[in-house]
Amino acid sequence: MTTLFISAFLLGLIFNAAPGAVFAETVRQGVRGGYRPALGVQLGSLVGDALWAVLGLVGIGLLLQLDWLRWPIGVAGTLYLLWLAGDAWRAASVEFLVAGDAGVTQRSATRAGVLLSVTNPQNIAYWAALGSAM
């Protein structure tokens, strides 16, 4: 039990050490729309993390060891990250208002956070490792 706790704790530290896509999207939404959209991304990310936690505790980690299942999820995450990069690249050339952007909604920011968390290969690897350790 102690070994499981220590390994889960160390995986948690590694998981949170490097800023990733959720951090970048939070900053982007925060700059575009302020506090509420940035909070929406974080809340959406928590929903996605909770989904992976439940799946990991149910034992989905064993299934994610299969290449035929891990590969499509990784491709979906890669495609979503590429789409976000293209969207950010296009948005970089457009002038925006810092005081409030009508294009940013709480719902779209939360949806972005959920999608980032669910399709993030780092989340998949973390919960798969934690689920298979049990």
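Residues numbered from 1 in each chain as written. Predicted model: local features only at pLDDT ≥ 70, side-chain atom pairs only at ≥ 80, totals over all residues. Heavy atoms only, no water.

Student: Just checking my understanding: could you explain the packing of helix H2 (residues 21-33) against helix H3 (residues 35-58) for this structure?
Tutor: The packing of two helices is summarised by the inter-axis angle and the distance between the axes. For the pair H2 and H3, interaxial distance at closest approach is 6 Å and the crossing angle is 155°. Our classification of the angle between H2 and H3 gives roughly antiparallel. Helix-helix and strand crossings are classified by hand; for H2 and H3 the assignment is right-handed. Here H2 contributes Val22, Glu25, Thr26, Gln29, Gly30 and Gly33 to the contact with H3, which in turn contributes Tyr35, Pro37, Ala38, Val41, Gln42 and Ser45. Across the contact of H2 with H3, the residue classes tally to five nonpolar, six polar and one charged. (Axes fitted to C-alpha atoms, helices over the stretch in contact; angles between N-to-C directions. Helix = DSSP H or I, 4+ residues; strand = E, 2+ residues; numbered from the N terminus. Parallel < 35°, antiparallel > 145°, perpendicular 65-115°, else oblique. Left-handed = near helix turned anticlockwise from the far one by under 90°. Contact = heavy atoms within 4.5 Å. Nonpolar A, V, L, I, M, F, W, Y, C, P; charged D, E, K, R; others polar.)

Student: Before we go on, may I ask you to explain the packing of H2 against helix H5 (residues 67-92) in this structure?
Tutor: One can describe the packing of H2 onto H5 by two numbers: an axis separation of 12 Å at closest approach and a directional angle of 30°. Regarding the angle of H2 to H5, the classification is roughly parallel. Handedness of the H2/H5 crossing: left-handed. Of the residues in H5, those touching H2 at Ala21, Glu25 and Arg28 are Leu81, Leu84, Asp87 and Ala88. Tallied by class, the residues present in the contact of H2 with H5 amount to four nonpolar, no polar and three charged.

Student: How should I be thinking about the packing of aromatic side chains in this particular structure?
Tutor: Aromatic rings in a pair are described by how distant their centres are and how their planes are angled relative to each other. Under the counting rule described, the total for this entry stands at one aromatic pair. Residues Phe5 and Phe9 carry aromatic rings whose centres are separated by 6.4 Å and whose planes lie at 20° to one another, so their mutual orientation is stacked. With Phe5 and Phe9 both in helix H1 (residues 2-17), this residue pair falls four residues apart, about one helical turn. Its relative accessible area of 59% is what places Phe5 among the exposed residues. (Phe/Tyr/Trp six-rings, centres within 6.5 Å; stacked < 30°, edge-to-face > 60°. Buried < 20%, exposed > 50% of the residue type's maximum accessible area, 1.4 Å probe, protein only.)

Student: Even after reading the chapter, I still don't get the pattern of salt bridges, so can you show me in this structure?
Tutor: This model, assessed by the stated rule, comprises three salt bridges. One salt bridge connects Glu25 with Arg28, and the closest N-O pair in it is separated by 3.1 Å. Taken together, the residues Glu25 and Arg28, both in helix H2 and three residues apart, mark about one turn of the helix. When the shortest N-O distance is used, the salt bridge between Asp87 and Arg28 registers 3.2 Å. Here Arg28 lies in helix H2 and Asp87 lies in helix H5, a separation of 59 residues in the sequence. Judged by its relative accessible area of 16%, Arg28 is buried. Bridged by salt links that share partners, the residues Glu25, Arg28, Asp87 and Arg90 form one connected network. (Salt bridge = Lys/Arg side-chain N within 4 Å of Asp/Glu carboxyl O.)

Student: Teacher, can you tell me more about H3 here?
Tutor: It helps to recall that an α-helix has 3.6 residues per turn; residues three or four apart then point in one direction. Relative to the 34 Å expected for 24 residues at 1.5 Å per residue, H3 spans 35 Å between its end C-alpha atoms, a close match to the ideal helical length. Burial in H3 covers these residues: Pro37, Ala38, Gly40, Val41, Gly44, Ser45, Gly48, Asp49, Trp52, Ala53 and Gly56. A positive phi of about 110° marks Gly59, the residue just after H3. (Expected span 1.5 Å × (residues − 1).)

Student: I'm lost on the environment of Leu43 in this one. Help?
Tutor: Inspection of the secondary structure puts Leu43 in helix H3. The partly exposed category is assigned to Leu43, whose relative accessible area is 41%. Considering only alpha carbons, one finds Leu43 and Gly113, 70 residues apart in sequence, at a separation of 7.0 Å.

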